[in-house]
Amino acid sequence: MMILLVATLGLIAAAILALWPAPGDQAHRAPAAAIAEPAETARPTCLEGVLAAQLVGGDITRPQYLRAIERLAARDEERHPLAVPGDDRLA
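Every chain is numbered on its own, with residues counted from 1 as its sequence reads. Confidence filtering applies because this is a predicted model: local features only for residues at pLDDT of at least 70, side-chain atom pairs given and counted only at 80 or more, and all residues used for totals across whole chains, interfaces and linings. Side-chain figures throughout are based on the complete set of non-hydrogen atoms in the structure, without hydrogens or water.

Q: Where do I start with the overall build of the chain in this structure?
A: Helix and strand counts for the chain stand at five helices and zero strands. Along the chain, helices and strands appear, N-terminal first, in the series α-α-α-α-α. Burial here depends on accessible area, computed with a 1.4 Å probe over protein chains only, as a share of the maximum for the residue type. Under 20% is buried, over 50% is exposed, and the range in between is partly exposed. Looking at the chain as a whole, 5% of its 91 residues qualify as buried. A run of H or I in DSSP counts as a helix once it spans at least four residues, and a run of E counts as a strand once it spans at least two, with each numbered from the N terminus.

The structure is reproduced here in structure tokens:
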């Protein structure tokens, strides 16, 4: 029983040491603000992306976003209806 306890404690200690950051590791990491900021060249290429960017940017509210996505889905369903095998409504 004692051997299992010592082995378990050894594994826990090894895992902690493996995950513990070394003092020099912080210098090589990018600042958190730089990671969170999207690149200026990354622009949305679809309407859903534009709406999501507006929502995140605070240009539109959540209810406005949901209504716009709902209208977009209805328009997509009208233009490109899905045909499910065995569904005779579209035939």
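Q: Would you mind going over the confidence of the model for the chain with me for this structure?
A: The predicted coordinates of low-pLDDT regions are not to be read in fine detail. With 73% of its residues at a pLDDT of 70 or more, the chain shows a mean pLDDT of 80. Averaged pLDDT values for the elements of the chain fall to 55 in helix 3 (residues 32–36) and rise to 93 in helix 5 (residues 62–79). Each residue carries a pLDDT value, the predictor's own confidence for that position, ranging from 0 to 100.

Q: So what exactly am I meant to see when it comes to helix 1 (residues 2–19) here?
A: Along an α-helix, residues three or four positions apart point the same way, because every turn accommodates 3.6 residues. Working rule for helices: expected span equals 1.5 Å times residues minus one. With 18 residues, helix 1 should reach 26 Å at 1.5 Å per residue; the first-to-last C-alpha distance of 26 Å fits that figure. Summarising burial for helix 1: zero of the 18 residues are buried, a small minority.

Q: Explain the packing of helix 4 (residues 47–57) against helix 5 to me, please; I cannot follow it from the model alone.
A: Axis angle and axis distance: for two packed helices, these are the angle between their axes and the distance between the axes, and together they describe the pair. Geometry is summarised by axes, namely lines fitted to C-alpha atoms with helices restricted to the contacting stretch, and by angles between N-to-C directions that run from 0 to 180 degrees. Running from N to C, helix 4 and helix 5 point in directions that differ by 175°, and their axes come no closer than 10 Å. Here helix 4 is positioned roughly antiparallel relative to helix 5, judged by the angle of their axes. Along the contact surface, helix 4 presents Leu47, Glu48, Leu51, Ala52 and Leu55, while helix 5 presents Arg62, Tyr65, Ala68, Ile69, Leu72 and Arg75. Amino acids outside the nonpolar list (Ala, Val, Leu, Ile, Met, Phe, Trp, Tyr, Cys, Pro) and the charged list (Asp, Glu, Lys, Arg) are all regarded as polar, and Gly is one of them. Of the residues assigned to the contact of helix 4 with helix 5, the class counts are eight nonpolar, no polar and three charged. Geometric relationships in this document are graded by angle, where less than 35 degrees denotes roughly parallel, more than 145 denotes roughly antiparallel, 65 to 115 denotes roughly perpendicular, and other angles denote oblique. By definition, residues are in contact when any of their heavy atoms lie within 4.5 Å.

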